[in-house]
Amino acid sequence: MKNYIVDKKGEEKFIREVKKCSNGTLTLKFADGKVFKNVTACDENINKIIETQEAQAKEGMMNYKTFVKREHNAGMAMAASGLVTLMAATGATYIPQIHEALSTQNPVLVATGIGAITVLGMIPAYCKLRKNKQTVKEIDKLRYRESNMEDLKAFRNYPNALADVNSKVANWMKKEKDPFSILNIDNYSRADLEQIISNIDVEQAYNFTYKNESPKTK
């Protein structure tokens, strides 16, 4: 789960990652970077974590516009940083001492060097843009999951609900007790959810019967 806190307050309690360990414990990673180990993987603890992460997801959805704006601003900042770095690198070539030194170099190498400097100057802005873009993408998935949760939870009632879903994801969903739990948000994409809902819509439209199964009722 991405960090949905907009002002950094409360990051010490924001649960970003939950890992089930082979010894029957959980490892929790928080937004401030700390890690809690050896948390008992009992129903009480798991339910606490689910409740907390669901609340965190709602906070992210409530702040959706803020993250979209941050993504836009990060994109503008990256473009601006690239332009500024390019102008600075190009302008430096007109300084007499630098110009004299570069005049003996292969023009292609000089141009390549300026390009490399520009790219390096854009890296921090790119990292920020990528972070914000991933956050918006995940919130989009959470919003879609929430609006279609009733049908998603009933996917086992539709034999072809997982048709055309990534085979690895589909096999995992078949085995997982509650694949759409907030704990599993990183295990599928919005595209996977959209495919499932599309398949369910088709099944509902045709109300197919299947071998060894009773007809479904609408």
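Because the structure is predicted, anything quoted here is derived from the model rather than measured.

Procedures and definitions
- Residues numbered from 1 in each chain as written.
- Predicted model: local features only at pLDDT ≥ 70, side-chain atom pairs only at ≥ 80, totals over all residues.
- Heavy atoms only, no water.
- Pairing = 2+ DSSP bridges.
- Helix = DSSP H or I, 4+ residues; strand = E, 2+ residues; numbered from the N terminus.
- Axes fitted to C-alpha atoms, helices over the stretch in contact; angles between N-to-C directions.
- Buried < 20%, exposed > 50% of the residue type's maximum accessible area, 1.4 Å probe, protein only.
- Contact = heavy atoms within 4.5 Å.
- Patch = residues over 30% accessible without salt bridge, like charges linked within 9 Å, V, L, I, M, F, W, Y side chains within 5 Å.
- Areas by Shrake-Rupley, 256 points an atom, 1.4 Å probe, with all protein chains shown as cover.
- Salt bridge = Lys/Arg side-chain N within 4 Å of Asp/Glu carboxyl O.
- Lys, Arg positive; Asp, Glu negative; His and termini not counted.
- Charge placed at Lys NZ, Arg CZ, Asp CG, Glu CD.
- pLDDT = per-residue confidence, 0-100.

Strands sit in the order β1-β2-β3 across an open sheet of three strands; the sheet is antiparallel. Bordering the open sheet on either side are β1 (15-20) and β3 (35-40), each of which pairs with just one other strand. Here the average twist between neighbouring strands, direction ignored, is 25°.

Glancing now at the environment of Ile49. Relative to the assigned elements, Ile49 resides in helix α1 (residues 43-62). For Ile49, a relative accessible area of 6% puts it in the buried group. Separated by 133 residues in the primary sequence, Ile49 and Ile182 have C-alpha atoms spaced 9.3 Å apart. When near neighbours in sequence (up to four residues on either side) are disregarded, Ile49 contacts Ile15, Val18, Leu26, Leu28 and Leu183.

Turning next to a nonpolar patch on the surface. A contiguous nonpolar surface patch, about 310 Å² in accessible area, is contributed by Val202, Tyr206 and Phe208. Among the structural elements, Tyr206 can be located in helix α7 (residues 190-206).

Glancing now at unusual backbone geometry. The backbone of Lys8 shows a phi angle near 70°, a positive value even though the residue is not glycine. Checked against the element boundaries, Lys8 lands in the segment before β1. Here the phi dihedral of Asp164 falls at roughly 70°; this positive angle occurs in a residue that is not glycine. If you trace the backbone, Asp164 turns up in the loop between α5 (149-153) and α6 (167-175).

Time to look at a positive patch on the surface. Judged by side-chain charge, Lys8, Arg16, Lys29, Arg70 and Lys131 come together as a positively charged surface patch. The residue Arg16 is located in strand β1 in this model.

Looking now at the environment of Asp151. Counting through the fold element by element, Asp151 comes out in helix α5. Sequence spacing of Asp151 and Ile197 is 46 residues, and the spatial spacing of their C-alpha atoms is 7.1 Å. Filtering out sequence-adjacent residues up to four positions away, Asp151 remains in contact with Ile197, Ile200 and Gln204.

On to the confidence of the model for the protein. Model confidence for the protein is summarised by a mean pLDDT of 81, while 70% of its residues fall at 70 or above. Across residues 113-122, confidence stays below pLDDT 50; counting only partners more than four residues off in sequence or on other chains, it has 14 contacts.

Here we come to the pairing of β1. Bridge analysis of β1 against strand β2 (residues 25-30) gives five bridges, and the strand direction is antiparallel. Across the sheet, Lys20 pairs through a bridge with Leu26, a residue of β2. Here β1 folds back onto β2 in antiparallel fashion, the turn holding four residues, of which Gly24 has a positive phi close to 80°.

Another aspect to go through is the pattern of salt bridges. Taken as a whole and judged by the stated rule, the model has five salt bridges. Notably, a salt bridge pairs Asp32 with Lys34, separated by 3.0 Å at the nearest N-O pair. Owing to a relative accessible area of 39%, Asp32 belongs among the partly exposed residues under this scheme. A residue is classified by how much of its surface remains accessible, and Lys34, at 27% relative accessible area, is partly exposed. As a salt-bridge pair, Glu194 and Arg190 come within 2.7 Å of each other at their nearest N and O atoms. Of the two residues, Glu194 and Arg190 are both situated in helix α7; the distance of four residues between them amounts to about one turn of the helix. A relative accessible area of 33% places Arg190 in the partly exposed class.

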